[in-house]
Amino acid sequence: MTAFRDARHPRLFALYYAGVMLAAAALLARGLGALPPAPQPPLLIAILGLMVFIEASPVSLPGGGYATASTALDLPVLVMLGPIYAAALDVVCTLTVQGLALRKPVVRVAHNAAVFTLDYFIAAQVFRASGGHIGTLRFPADLPPLLLCGLALFLSNSVWVALVIGLTEGPTPWRVWQRNFQQSLQHHLSFVGLGALITVMYVEVGGWALVLCGLPFLVARHSFRVYVEIRSDLKDFVRALSEVLEEVDPYTRHHSVRVSQYAVRLARGLGVGEREIEEIEYAALVHDLGKIGPQHQHILHKPGSLTHEEQRTLRAHPAAGAEIVTRVRALRRAAEIVRTHHERPDGQGYPFGLRAQDVPLGARILNVSDAFDAMTSDRPYRRALSVEAALAELARGSGTQFDARVVTCLVTLHGAGEFERIPSPTSEDLMQLKLNPRRARG
């Protein structure tokens, strides 16, 4: 099947997929063998309708996959009806929404239905193991089992999402989990708390609990959607800022994008967490924003050596760029990386003359990424160096001009085939950009 062949790790994905499907089928078969009394049909229909409503408006996650805030409903359904009925309702919901309405591939629909089934049975086992009893709730004695059950629902589903994205698209599952769930953990935990509240209210007032908690649920879901959209919009905004420089200086076309991709590779190679990597990526995209001033244009295009005054002007661009970026509250950490990305381990950098570990790690990564792209790209006044020559230059400046640990990481990744050069415009392309920038952009 195409989905298996196109996966980042096709064999591992095939084993994972088969394991998930077989485990879900075994659990469903076992549950059907000891089926508890059926709930009232109106209740099942009402729950199915709510599931369809929630599933029909997913929120795309920044690292791939989606979330629906369904824990708030899944938790009371699981605790009061048990895993077999909860799983059966969710399977019908998934087939209806994802299969019939959204026309998603069969492989994906089957996987999601199986994963939801595993989530319910795993969470039910946690609920029982911690002292809870399916179908009843003793409050407040069962509050700890209830919260643990909700936490198990969230963790189980988030792990499956991270695994499948890590195996099919990358990066590693742990990094996918960090990017998708770690930064929005408070939102996901709030849905667990809301689910626990609905469960307790359902025991006390019956089906009216779903009505009474409907508005808080809609507000919480809307808040989560807005939060995720703002994160996505922030990256689009940063990319738009980086394109401002391209309009002023076409010779740097896509330079910032390439530098950001190099910086992300190095940061992951160094074991940096995804939250900090996101800040480094933002900083890389706008690191040259301080060059948009007209005083930089003749300097950027000058083929010969720079005068003392021109050097002083050029050295002001990190601080100027940081001043622009820092006006956006969410980018203030990235602004510090922009401000210090020309600092050097030997203290000969600018604007502050910081030394070694006083320079933020993100700035050290950006410094090496920027230099590597500059050396391996054609410029109006010279041809690009080969990757080998660029690596030799970085090694020569290791510990003085460039951070030794970052340079070692780049060399190691390149040796392992994990740091290939990203194509950049040739000298001929650059000349065309100079003669006709709009046509050269396509």
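Use the structure listed above.
Described below are features of the structure shown in this document. Quick caveat: nothing in here was measured; it's all calculated off a predicted structure.

Take the packing of helix α13 (residues 274–285) against helix α17 (residues 332–339) next. Running from N to C, α13 and α17 point in directions that differ by 55 degrees, and their axes come no closer than 8 Å. In terms of orientation, α13 and α17 fall into the oblique class. Seen from above, α13 lies across α17 with right-handed handedness. Facing E279, I280, Y282 and A283 of α13, the residues of α17 in contact are R333, A334, I337 and V338. Of the residues belonging to the contact of α13 with α17, the class tally is 6 nonpolar, no polar and 2 charged.

Further remarks concern the environment of I47. Its place among the elements puts I47 in helix α3 (residues 41–55). Taking the C-alpha atoms as reference points, I47 and G207, 160 residues apart in sequence, are found 10.0 Å from one another.

A turn of α-helix holds 3.6 residues, and therefore any two residues three or four places apart point the same way. Regarding helix α16 (residues 317–325), the residues found buried are H317, P318, G321, A322 and V325. Looking down the long axis of α16, one finds its buried residues gathered within 135 degrees of arc, a one-sided arrangement.

By the definition in use, this model includes 10 aromatic pairs. Judged by centre distance (5.8 Å) and plane angle (90 degrees), the rings of F191 and F224 are edge-to-face. Here F191 is found in helix α9 (residues 185–205), whereas its partner F224 is found in helix α11 (residues 214–248), with 33 residues between them in sequence. Accessibility expressed as a relative area gives 2% for F191, which makes it buried. In this structure an aromatic cluster arises from ring pairing among F13, Y16, Y17 and W160.

Side chains bearing opposite charge may pair, as long as their charged atoms lie close to each other. If you walk through the whole model with that rule in mind, you get 15 salt bridges. When the shortest N-O distance is used, the salt bridge between R231 and E278 registers 3.2 Å. Taken together, the residues span a long stretch of sequence, with R231 in helix α11 and E278 in helix α13 at a distance of 47 residues. E278 shares its class with R231; the two are buried.

The rules behind the values
Residues numbered from 1 in each chain as written. Predicted model: local features only at pLDDT ≥ 70, side-chain atom pairs only at ≥ 80, totals over all residues. Heavy atoms only, no water. Axes fitted to C-alpha atoms, helices over the stretch in contact; angles between N-to-C directions. Helix = DSSP H or I, 4+ residues; strand = E, 2+ residues; numbered from the N terminus. Parallel < 35°, antiparallel > 145°, perpendicular 65-115°, else oblique. Left-handed = near helix turned anticlockwise from the far one by under 90°. Contact = heavy atoms within 4.5 Å. Nonpolar A, V, L, I, M, F, W, Y, C, P; charged D, E, K, R; others polar. Buried < 20%, exposed > 50% of the residue type's maximum accessible area, 1.4 Å probe, protein only. Arc of directions from axis to C-beta. Phe/Tyr/Trp six-rings, centres within 6.5 Å; stacked < 30°, edge-to-face > 60°. Salt bridge = Lys/Arg side-chain N within 4 Å of Asp/Glu carboxyl O.

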